[in-house]
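Geometric and topological summary
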Amino acid sequence: MGAFRILLCWLVVAAHVDPATASHAGPAAADAVRFAGPFALFCFYAVSGYYMTLTLNSTYAVAGGLRAYYINRAIRILPLYVALLAICAPLAFLNDNPTREAWAQLSGASKVAAAAGQVVPLGQEAFTWLQIVGGSLAPTSDFRTTASPAWHLMILPTCWSLSIECWFYLFAPLLVRRSAAARCGIAAVSLGLWGVVFAMKLPPDPWIFRIFPAALVFFMAGSLTRTLHEKRKERVAAVATSAGAPLTIAVFLALPVLYRLYAAGHPGAETVALLIPLFAIALAMLPVLFERSSSQTVLGRIDRFLADLAYPIFLVHYSVLRLTDWKHPFAILGASAVVGAVALLLVDRPMARFKAKTATAA
């Protein structure tokens with residue numbers, strides 16, 4: 001799992017490099033970079049769905065488990081986030097870049113609001129729905145067509161997706177403990193939102209990628225993968241024939257067609273259809289990847305460290321990108337890994353002693 005998460009991190013880094021750098025390798029490379037980010041995010045969401053289903057139905061399925069769950073999620077996310085936010089804030093203003101320019105456009109009150117909105121990761125996707133107009137923040141329906149998008153104000157711009165994950169962590173106890181049929185139904189409703197977006201010819205980014213209910217299908221896919229793994233083959237048929245499953249499967253199969261229809265007004269969007277089979281392969285790999293991570297061997301411990309390292313790399317890499325003019329993805333990943341490892345050892349590991357313990361099951 002650790003190696004897989006590091007790979008996903010590199011895909012996110014690659015998606016953020018200068019498009020001209022990727023285009024030098026040809027149109028196929030440019031398309032790969034374009035869709036590397038969405039694919040990595042979908043997989044991260046599925047991993048979270050899988051892991052939360054695993055732990056909430058085992059480790060935290062005891063007296064005091066829910067309290068320990070929320071405490072431990074906060075300890076896992078917030079200390080590293082706050083530490084790296086403090087480290088990266090000065091880096092955002094070291095050279096001329098969109099972040100420095102965006103902050104210069106804001107009035108005093110709006111600067112306070114923009115700063116306060118980044119104290120915690122939850123809710124940061126709101127920046128992608130805002131723009132800077134006359135020194136103030138105003139709503140926008142598509143940040144990509146806005147002259148001064150508010151997301152440029154973000155010190156850690158990738159945290160809009162961390163916010164989506166945090167929304168899932170907040171509601172996970174209510175979601176992943178439901179029956180497989182109910183979770184299939186939730187996934188189907190989430191995919192139904194995709195259909196609305198396609199029908200209205202709205203851009204998937206932000207109307208799908210940056211709205212939690214629309215992204216929920218990926219968390220549910222990971223959650224259902226865990227359930228299928230637990231129940232093994234004898235329960236697969238029962239889950240597949242449950243009330244919500246046929247609709248979910250039908251919509252999944254229809255997605256490539258919907259993308260093709262959508263692409264009529266948005267050239268190039270049909271390439272996203274390739275993400276469907278790739279995502280299915282990633283889901284099938286999750287049980288094996290998690291079992292490898294749980295191994296008590298030296299390789300298992302290294303894999304767990306890599307899994308933990310992915311989070312600080314994800315947080316810090318964009319700040320490194322700012323300093324290198326969005327070029328050299330491999331060097332950026334390496335530098336981010338060094339900074340992330342230091343933060344992990346100095347911040348995350350000491351905080352582990354404060355993790356809440358669950359009561360022993362009766």
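The paragraphs below set out a description of the structure included in this document. Note that the structure is predicted; figures quoted are calculated from it, not measured.

Some words on the pattern of salt bridges
Proximity of charged atoms lets side chains of opposite charge pair with each other. Per the stated rule, a full pass over the model turns up seven salt bridges. Here D142 ties to R144 by a salt bridge, and the two come within 3.3 Å at their closest N and O atoms. Judged by relative accessible area, D142 falls into the buried class, the value being 12%. In this structure, D348 and R349 form a salt bridge, with 2.8 Å as the shortest nitrogen-oxygen distance. One network of salt bridges, with partners in common, ties together R76, D308, D348 and R349.

Brief notes about the nonpolar core
With 97 residues, the main nonpolar core has F4, L153, F168 and L286 as its most contacted residues. Considering each element in turn, this core owes the most residues, 13 residues, to helix α3 (residues 27-56).

Details of the pairing of strand β1 (residues 130-133)
In the sheet, β1 pairs with strand β2 (residues 136-139) via four bridges, with the strands oriented antiparallel. Of the residues in β2, the one forming a bridge with V133 is S136. Where β1 folds back on β2, the antiparallel hairpin that results is connected by two residues, among which G134 adopts a positive phi of roughly 60°.

Brief notes about the packing of helix α1 (residues 2-16) against helix α14 (residues 298-323)
Two elements in contact, α1 and α14, have axes separated by 7 Å at closest approach and are oriented at 10°. With respect to each other, α1 and α14 are oriented roughly parallel. Each of G2, A3, R5, I6, C9, V12, V13 and H16 in α1 lies in contact with α14, whose residues at this interface are D303, L306, A307, L309, A310, I313, F314, H317, Y318 and L321. Across the contact of α1 with α14, the residue classes tally to 13 nonpolar, three polar and two charged.

Topic: the environment of F218
Here F218 is to be found in helix α10 (residues 212-231). As a C-alpha pair, F218 and F42 span 176 residues in sequence and 6.0 Å in three-dimensional space.

A word on the packing of aromatic side chains
Tallied over the full model, the rule gives 16 aromatic pairs. Centre to centre, the rings of W167 and F171 are 6.4 Å apart; their planes meet at 10°, and the pair counts as stacked. Of this pair, W167 and F171 both sit in helix α7 (residues 159-175), four residues apart, which is roughly one turn of the helix. Exposure remark for F171: the relative accessible area of 33% places this residue in the partly exposed category. Judged by centre distance (6.3 Å) and plane angle (55°), the ring pair of F212 and F219 falls under tilted. Here the basic side chain of R73 rests over the ring of Y169, its NZ or CZ set 4.9 Å away from the ring centre.

So, how was this worked out
- Residues numbered from 1 in each chain as written.
- Predicted model: local features only at pLDDT ≥ 70, side-chain atom pairs only at ≥ 80, totals over all residues.
- Heavy atoms only, no water.
- Salt bridge = Lys/Arg side-chain N within 4 Å of Asp/Glu carboxyl O.
- Buried < 20%, exposed > 50% of the residue type's maximum accessible area, 1.4 Å probe, protein only.
- Core = buried A, V, L, I, M, F, W, Y, C linked by side-chain atoms within 4.5 Å.
- Helix = DSSP H or I, 4+ residues; strand = E, 2+ residues; numbered from the N terminus.
- Pairing = 2+ DSSP bridges.
- Axes fitted to C-alpha atoms, helices over the stretch in contact; angles between N-to-C directions.
- Parallel < 35°, antiparallel > 145°, perpendicular 65-115°, else oblique.
- Contact = heavy atoms within 4.5 Å.
- Nonpolar A, V, L, I, M, F, W, Y, C, P; charged D, E, K, R; others polar.
- Phe/Tyr/Trp six-rings, centres within 6.5 Å; stacked < 30°, edge-to-face > 60°.
- Lys NZ or Arg CZ within 6 Å of the ring centre and 35° of its normal.

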